[in-house]
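The lines below spell out each chain.
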Amino acid sequence: MVELETPRLTLKPPHAGLADMVFDYFKRNQQHFATYGPERRPEWDTIDYHRDKHVEYAEKIAAGTNLWLFLFEKGNPDKIIGDIHLSNIIRSVFQSCHVGYKLDEQAQGRGYMREALQRLVQYAFEDMKLHRIEANIIPANTRSIKLVTSLGFEEEGLAKKYLKINGRWQDHVHYVILNEALE
């Protein structure tokens, strides 16, 4: 089971014991996540949904197709302040994945996501031996664009109506970082 550390954070994978904390994290950030997230379905507001999701994501992690981690401030193991994930991990000649992340509204502006994303990229390149990590960001999300570009992600272009976010299909700017050590 992968658990990562940064100077200020611990990144932990989903497990049954986190379900209540995950439910609390999503519930308290419902409005905050609505701007750049998928439309919420009614079942998301139940603890059973989050317990089921933990089982689903544990299976995907075990299969090697996803890696989902929750962010905790060191010294505060009882409150999730963010989550970060690699999805669509494809091996063989591709060695690629997508990255996504969210941060608690109250934790914004402290550099936590930069710290977590930097560590996850390092892990993906050094330990998982991935070649390419892709991030797709709504053009209006300037904070996220600033984050990925500060870590070396480069813009590859615009993906028209790429994802259905907040109830409508929205364009996304496509960013990529390559593992130069594998060249």
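For the structure itself, look to the data block above.
Residues numbered from 1 in each chain as written. Predicted model: local features only at pLDDT ≥ 70, side-chain atom pairs only at ≥ 80, totals over all residues. Heavy atoms only, no water.

S.K.: Whenever I open this one, the overall build of the protein confuses me. Can you help?
M.R.: A tally of regular secondary structure across the protein gives 5 helices and 8 strands. Along the chain direction, N to C, the helices and strands of the protein fall in the order β-β-α-α-α-β-β-β-α-β-α-β-β. What you see for the protein is a C-alpha radius of gyration of 16 Å, in line with the 16 Å of a compact globule of 183 residues. Referenced to the eigenvectors of the C-alpha coordinate spread, the extents of the protein come out at roughly 45 × 35 × 30 Å. For the protein, contacts bridging at least 24 residues in sequence account for 62% of all contacts bridging at least 6. Of note, the protein has its 24 positive side-chain charges centred 3 Å away from the centre of its 26 negative side-chain charges. (Helix = DSSP H or I, 4+ residues; strand = E, 2+ residues; numbered from the N terminus. Rg over C-alpha atoms; globule rule 2.2 N^0.38 Å. Contact = heavy atoms within 4.5 Å. Lys, Arg positive; Asp, Glu negative; His and termini not counted. Charge placed at Lys NZ, Arg CZ, Asp CG, Glu CD.)

S.K.: Which parts of the structure should I look at to understand the packing of helix H1 (residues 19-28) against helix H3 (residues 47-63)?
M.R.: Between two packed helices, what matters for the description is the angle formed by their axes and the separation of those axes. Two elements in contact, H1 and H3, have axes whose closest approach is 9 Å; the angle formed by their N-to-C orientations is 120°. As summarised for this structure, H1 and H3 are arranged oblique, according to the angle between their axes. Like other packed secondary-structure pairs, H1 and H3 cross with a definite hand, here right-handed. Between H1, through Ala 19, Asp 20, Val 22, Phe 23 and Phe 26, and H3, the contact on the second element is made entirely by Ile 47, His 50, Arg 51 and His 54. Class assignment of the residues belonging to the contact of H1 with H3 gives a composition of 5 nonpolar, 2 polar and 2 charged. (Axes fitted to C-alpha atoms, helices over the stretch in contact; angles between N-to-C directions. Parallel < 35°, antiparallel > 145°, perpendicular 65-115°, else oblique. Left-handed = near helix turned anticlockwise from the far one by under 90°. Nonpolar A, V, L, I, M, F, W, Y, C, P; charged D, E, K, R; others polar.)

S.K.: Looking at this model, I keep getting lost on the packing of aromatic side chains. Mind explaining?
M.R.: Centre distance and the angle of the planes are the two values used to describe a pair of aromatic rings. As enumerated under the stated definition, the model contains 5 aromatic pairs in all. With 5.4 Å between their ring centres and 65° between their planes, Tyr 25 and Phe 33 make a pair best called edge-to-face. Ring pairing ties together the aromatic residues Tyr 25, Phe 26 and Phe 33, which thus form one cluster. (Phe/Tyr/Trp six-rings, centres within 6.5 Å; stacked < 30°, edge-to-face > 60°.)

S.K.: How should I be thinking about the pattern of salt bridges in this particular structure?
M.R.: A side chain of one charge can pair with a side chain of the opposite charge when the charged atoms of the two come close. Scanning the model with the defined rule gives 9 salt bridges in all. As a salt-bridge pair, Arg 132 and Glu 134 come within 3.0 Å of each other at their nearest N and O atoms. In this pair, the class of Arg 132 matches that of Glu 134, namely buried. Because the salt bridges share partners, they merge into one network encompassing Asp 24, Arg 28 and Asp 104. (Salt bridge = Lys/Arg side-chain N within 4 Å of Asp/Glu carboxyl O. Buried < 20%, exposed > 50% of the residue type's maximum accessible area, 1.4 Å probe, protein only.)

S.K.: What is the right way to read the side chain of Ser 87 from this model?
M.R.: Positionally, Ser 87 belongs in strand E4 (residues 80-90). Sequence-distant contacts of Ser 87, that is, excluding residues within four places in its chain, are made with Thr 65, Asn 66, Cys 97 and His 98.

S.K.: How should I be thinking about the environment of Tyr 123 in this particular structure?
M.R.: Structurally, Tyr 123 is set in helix H4 (residues 112-126). The class of Tyr 123 is buried, set by a relative accessible area of 15%. Along the primary structure Tyr 123 and Glu 5 are separated by 118 residues, whereas in three dimensions their C-alpha atoms are 11 Å apart. When sequence neighbours within four positions are dropped, the list of residues in contact with Tyr 123 reads Val 2, Leu 4, Leu 67 and Met 128.

S.K.: How should I be thinking about the sheet that holds strand E2 (residues 9-12) in this particular structure?
M.R.: Sheet strands associate in pairs through backbone hydrogen bonding, adopting either a parallel or an antiparallel arrangement. Read across the open sheet, the 8 strands follow the order E1-E2-E3-E4-E5-E6-E8-E7; overall the sheet is mixed. Strand pairing shows two members of the sheet lacking a second neighbour, strand E1 (4-5) and strand E7 (154-165), which therefore form its edges. Sheet topology places E7 next to strand E8 (residues 168-178); 8 bridges connect them, and they run antiparallel. In the strand pairing of E8, Lys 164 is matched with Trp 169. (Pairing = 2+ DSSP bridges.)

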